[in-house]
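Spelled out, the chains give:
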Amino acid sequence: MLTACASTPPAPTASLQSARRAISNAERADAGQYAAGELGEARIKLASADTAVTEKNMIMAERLAEESRAEAELASAKTAAGKAKAVNEEMQRSTDTLIEEMRRSSGEKP
Amino acid sequence: MKTVNHSGVLLRTTLIVASTAAVLLAACAAAPVKPAGAAEARSKLTQLQSDPNLANRAPLAIKEAEAAVRAAEQPQADNELAAHRVYLADRKVETARAQAETRLAEDQRAALSAQRESARLAARTREADVAKSQVATARAESAEQRLAAEQQAAELQRQIDALQAKVTDRGLVLTLGDVLFETGKADLNAGAAGSLNKLVTFLNKYPDRMVAIEGHTDSVGSDEYNQQLSQRRAESVRSYLVRQGIGSERLTTLGKGESDPIAGNDSATGRQQNRRVEVVISNAPALR
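First things first, this report covers the structure right here in the doc. (Residues numbered from 1 in each chain as written. Chains lettered and ligands numbered in written order. Predicted model: local features only at pLDDT ≥ 70, side-chain atom pairs only at ≥ 80, totals over all residues. Heavy atoms only, no water.)

### Topic: the interface of chain B and chain A
Right, on to step 1. Across the boundary between the two partners, chain B contributes 29 residues, which contact 29 residues of chain A.
Right, on to step 2. Summing both sides of the interface, chain B and chain A together bury roughly 2,600 Å²; the carbon and sulfur share of this comes to 63%.
Right, on to step 3. On the chain B side of the interface with chain A, the three residues burying the most area are Tyr87, Arg116 and Arg126 of chain B, jointly 21% of the side's total.
Right, on to step 4. The residue lysine 85 of chain A makes a salt bridge to glutamate 101 of chain B at a minimum N-O spacing of 3.1 Å.
Right, on to step 5. Taken together, the links from chain B to chain A amount to eleven residue pairs in polar contact (both at pLDDT 80 or more).
Right, on to step 6. Residue contributions to the side of chain B that touches chain A peak at 27 residues, all from helix H5 (residues 79–163) of chain B. (Contact = heavy atoms within 4.5 Å. Buried area = accessible area lost by both parts, 1.4 Å probe. Salt bridge = Lys/Arg side-chain N within 4 Å of Asp/Glu carboxyl O. Polar contact = N/O pair within 3.5 Å; in protein donor to acceptor, adjacent residues only side chain to side chain. Helix = DSSP H or I, 4+ residues; strand = E, 2+ residues; numbered from the N terminus.)

Structure follows, in structure tokens:
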């Protein structure tokens, strides 16, 4: 039974595709800037999954593909969060600047 | 590793084949505690779920993370599979947190935007106020300046009146009559001091004014004599002023002799009027 199972597993094509899609989504979202670590990890996992496929270790390949996808999705989520926070910080900064300028100009008045 | 894997597979097989092997399971699977790392994933998830700012902001992702953590927590004899599930659980919790943070930031944006708008409005109001007060200040200043100018003009008029000078196109003209000179001579007599001291006061008060001193005579005597006499009388006024501290560079003299009478020379009164020294004080450059 064991040998039978190990001899004919198909490559985890769907998982590999999902991982690839997740990575390119992250790349498009500019994850290289906001979540470079996660994006790199996702790419390494995907490469390892491909290697596992060539070694006919399909269980390993499937898990690595799933991990790659999870990592890539995390990269995208972190990128979105980073961008959203950056926008808010910029807004806050400009508000602070306005208030600061006002304070200074009112300080000038005798 | 291999042996564990094998025993895991064997175990499952045993389970499927004979569900009565519960005792055996307990015996063989002394290992099946929660996989390493599952507790950390759970703890991260709990933290996220109890954060009031984040808990409700990524419901779907949190649900998925919850499922992944639960899967990771399942006792698993296959260490690689266990590690795989813990890995997935950890990433899904992180992803859920990042999504919730994104949503939180987006939700805060409206407030930030309102804050910025009110700051901008305040700044603009303030700018307008400052401009308004600057206009008011400028107005007050110009009123002040006008008042000062009026006061100066009034003061000048008082001085001119005190001097008993005439305002003419040439400037202020102060006429020193013949009676202030010794008869037929250029020397000033004692009565001249009063008139001349008023002139000194005036010139000290208005130091930017130049003075032309012109001597005049009547027609009696030769032209040359009259010219010289008028020149000497003008010089004599000049010397007096210099002695009183008026800068000589402000003073010019001119002897005009009998050339410029202001009355007829055929009567004694007319001739006396013609014998005079005129002090012409230039108008101030700033004054119209």
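Next, the rest of the story.
### Considering the sheet that holds strand E4 (residues 251–255) of chain B
All names here are of chain B.
Right, on to step 1. In space, the five strands of this open sheet follow the order E1-E2-E5-E3-E4, with mixed pairing throughout. Since the sheet does not close on itself, it has two edges, and those belong to strand E1 (166–168) and E4, each with one partner. Across this sheet, the average inter-strand angle for adjacent strands is 25 degrees, counted without regard to direction.
Right, on to step 2. Relative to the sheet, helix H7 (residues 223–243) contacts strand E2 (171–177), strand E3 (211–216), E4 and strand E5 (276–281), its axis offset from that of E4 by approximately 160 degrees. (Pairing = 2+ DSSP bridges. Axes fitted to C-alpha atoms, helices over the stretch in contact; angles between N-to-C directions.)

### A few points about the nonpolar core
Right, on to step 1. Ranked by size, the top nonpolar core spans 27 residues in total, and within it Leu199, Phe202, Val237 and Leu241 of chain B carry the most contacts.
Right, on to step 2. Of the residues forming this core, the biggest block, six residues, is contributed by helix H6 (residues 192–205) of chain B.
Right, on to step 3. Setting aside residues no more than four positions away along its own chain, leucine 199 of chain B makes contact with Leu163, Leu174, Leu241, Val279 and Ile281 of chain B.
Right, on to step 4. Formed by 19 residues, the second largest nonpolar core is a distinct cluster that contains Ile23, Ala26, Ala31 and Ala52 of chain A. (Core = buried A, V, L, I, M, F, W, Y, C linked by side-chain atoms within 4.5 Å. Buried < 20%, exposed > 50% of the residue type's maximum accessible area, 1.4 Å probe, protein only.)

### Topic: the side chain of serine 15 of chain A
Residues and elements named next belong to chain A.
Right, on to step 1. Here serine 15 shows up in helix H2 (residues 13–28).
Right, on to step 2. Of the residues examined, serine 15 reaches a relative accessible area of 14% and is grouped as buried.
Right, on to step 3. Contact partners of serine 15, with chain neighbours within four places excluded, come to Glu62, Ala65 and Glu66.

### With respect to the packing of helix H3 (residues 38–49) of chain B against H5 of chain B
All names here are of chain B.
Right, on to step 1. Two numbers describe how H3 lies on H5: the axes approach to 9 Å, and their chain directions differ by 15 degrees. In terms of orientation, H3 lies roughly parallel with respect to H5. The handedness of the crossing between H3 and H5 comes out as left-handed. Listed contacts from H5 to Ala38, Ala41, Lys44, Leu45, Gln47 and Leu48 of H3 are Val86, Ala89, Asp90, Val93, Glu94, Ala96, Arg97 and Ala100. (Parallel < 35°, antiparallel > 145°, perpendicular 65-115°, else oblique. Left-handed = near helix turned anticlockwise from the far one by under 90°.)

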